[in-house]
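# A look at the structure
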Amino acid sequence: MPGRIADLPTGYRAVSPTMDDIPRATEFFNLVEISEWGMPDFDESEVEEEWADRDLAKSVVLVEDEDRQIVASMTIVNGDGVTWDAFGYVHPEHNKHGLGAWIIDWSEAIAADREDETREGYRVELLNFTSTVNTAAQELLASKAYDVAKVFRRMRIELQEKPDPVIWPEGYELRPFVEGRDDQHYFEALQTAFAEHWSSAPRTFEQWRKSSFTGEYDTNLWVQLVHDDRVVGICSGKPVADTGWIGYVGIVPEYRRRGLAKLMLQEDFARFWDKGIRTVGLGVDSENRQSAIQLYLNMGMHESHSYETNRKILREGLDWRNEE
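We now turn to the structure provided with this report.

Time to look at the environment of Y122. Here Y122 lies in the loop between α4 (99-113) and β5 (124-131). Assessed through its relative accessible area of 13%, Y122 is described here as buried. Separated by 58 residues in sequence, Y122 and E64 have C-alpha atoms that sit 36 Å apart.

Okay, structure coming up:
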């Protein structure tokens, strides 16, 4: 455990999880999600994928009560050396016991202990995420000098029928993704499409490959749109248990406002349908992506969850967004 953290309230203890804790951790995460949104949001295979490549002692803490039941947790992830993403949960029956403050302090202490993993000379931010319906957590983060940076919406669709085949504009074609052949071009299109995104911290090709080709990835759900032999649009889907998740839909800037994102979503929805997946979700920034939100609504999606991104500057320095 890191230093500089006050003791937990009486009756609680902090433990570092092992992979054997995945079933009960998943059950706990879903308990909190159901209490806030009325539906679960995690699958054991998803948690296993997220934990597999991490040093759990440095990334995840579980808080147990006297009966050894999980009542709080915090996960912290290194965001490519310039941001830390932190995701905390507190059991609804254990609110107002000081657990929320403790897990926030834990995330800050871990970030400090792992400062050597950040980019020297650059500003480092800690992003603590909480649901928009959890006002107590929002007030707590505000009291600890966090500001609300963004609100994200989780969009969802229950497909009732297979979408119609896509008719692509003249000059455009789909190129099946072949691992080992298309990796670099796909990555370059992703970087270009999201270069101006507010939290799109720089990452290397090797980092992208490591995060993309792991777990239950399926490149048949990756839509790769080509024009003049250049990848100009990408849509990355993946199966998560019996549902689907679209990690990103991106169009390089000079090809936007041509209806291509809608067509790529239509194509990917059809591919999910062919695999027997009827429920598909994705996330969107609700402040700067109003056109994207309207697109998803027009595609028959609805909002199922929403989350605040609460930000604290841990170290001042150069802003990577100012780099060419």
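A few words now on helix α5 (residues 135-143). A137, Q138 and L141 are the residues of α5 that are buried. Take α5 and look down its axis: the buried residues cluster within an arc of 100°, on one side only. In this structure, α5 carries A136, E139 and S143 as exposed residues pointing more than 90 degrees from its buried face. In the core, the buried residues of α5 are packed alongside α4, β5 and β12 (302-315). One or two positions beyond α5, positive phi appears at A145, with a value near 75°.

Ordered by their spatial adjacency, twelve strands build an open sheet running β1-β2-β3-β4-β5-β12-β6-β11-β10-β9-β8-β7, and the pairing between neighbours is mixed. Here the strands that pair on one side only, and so sit at the sheet edges, are β1 (13-15) and β7 (172-174). Sheet twist, expressed as the average angle between the axes of neighbouring strands with direction ignored, equals 25°. Sheet analysis places strand β10 (residues 243-251) next to strand β11 (residues 279-285), joined by three bridges and oriented parallel. When the bridges of β11 are listed, W245 appears paired with G281. Packed on one face of the sheet, helix α6 (residues 183-193) meets β8 (222-227), β9 (230-240) and β10 and runs near 95° to β9.

Turning to the pairing of β5, a few remarks are in order. The element β5 is extensively covered by neighbouring structure, given that eight of its eight residues are classed as buried. Of the two faces of β5, both are covered, the one formed by V124, L126, N128 and T130 as well as the one formed by E125, L127, F129 and S131. Here strand β4 (residues 83-90) pairs with β5 via five bridges, running parallel. Residue pairing for β5: A86 is matched across the bridge by N128. Between the parallel elements β4 and β5, the chain passes through α4 in a crossover that is right-handed. Examined bridge by bridge, β5 and β12 share eight bridges and lie antiparallel to one another. Note that in β12 the partner of F129 across the bridge is T309.

Turning next to unusual backbone geometry. One non-glycine residue, R68, lies in positive phi territory at about 65°. In this structure, R68 sits in the loop between β2 (60-64) and β3 (70-79). Judged by relative accessible area, which is 43%, R68 ranks as partly exposed. Phi at K96 is positive, roughly 65°, even though this residue is not glycine. Its place among the elements puts K96 in the loop between β4 and α4.

Further remarks concern the packing of aromatic side chains. Here a ring pair, both rings aromatic, is described through the centre-centre distance and the interplanar angle of the planes. Scanning the entire structure with this criterion turns up 21 aromatic pairs. When the centroid spacing of 6.1 Å and the interplanar angle of 55° are considered together, the rings of F28 and F29 count as tilted. Each member of the pair F28 and F29 is classed as buried. Consider the rings of W208 and W222, whose centres lie 6.2 Å apart with planes at 55°: the pair is tilted. Of this pair, W208 sits in helix α7 (residues 205-212) while W222 sits in strand β8; the two residues are 14 residues apart in sequence, bridging distant segments of the chain. In this structure, W208 and W222 share a single accessibility class: buried. In this structure an aromatic cluster arises from ring pairing among F177, Y186, F187, F205, W208, F213, Y217 and W222. Just above the ring of Y122 sits the side chain of R119; from NZ or CZ to the centre is 4.1 Å. One Lys or Arg, R278, reaches over the ring of W273 and ends 3.6 Å from the middle of that ring.

Reading the values: the criteria
Residues numbered from 1 in each chain as written. Predicted model: local features only at pLDDT ≥ 70, side-chain atom pairs only at ≥ 80, totals over all residues. Heavy atoms only, no water. Helix = DSSP H or I, 4+ residues; strand = E, 2+ residues; numbered from the N terminus. Buried < 20%, exposed > 50% of the residue type's maximum accessible area, 1.4 Å probe, protein only. Arc of directions from axis to C-beta. Contact = heavy atoms within 4.5 Å. Pairing = 2+ DSSP bridges. Axes fitted to C-alpha atoms, helices over the stretch in contact; angles between N-to-C directions. Right-handed = clockwise from strand over helix to strand, strands pointing away. Phe/Tyr/Trp six-rings, centres within 6.5 Å; stacked < 30°, edge-to-face > 60°. Lys NZ or Arg CZ within 6 Å of the ring centre and 35° of its normal.

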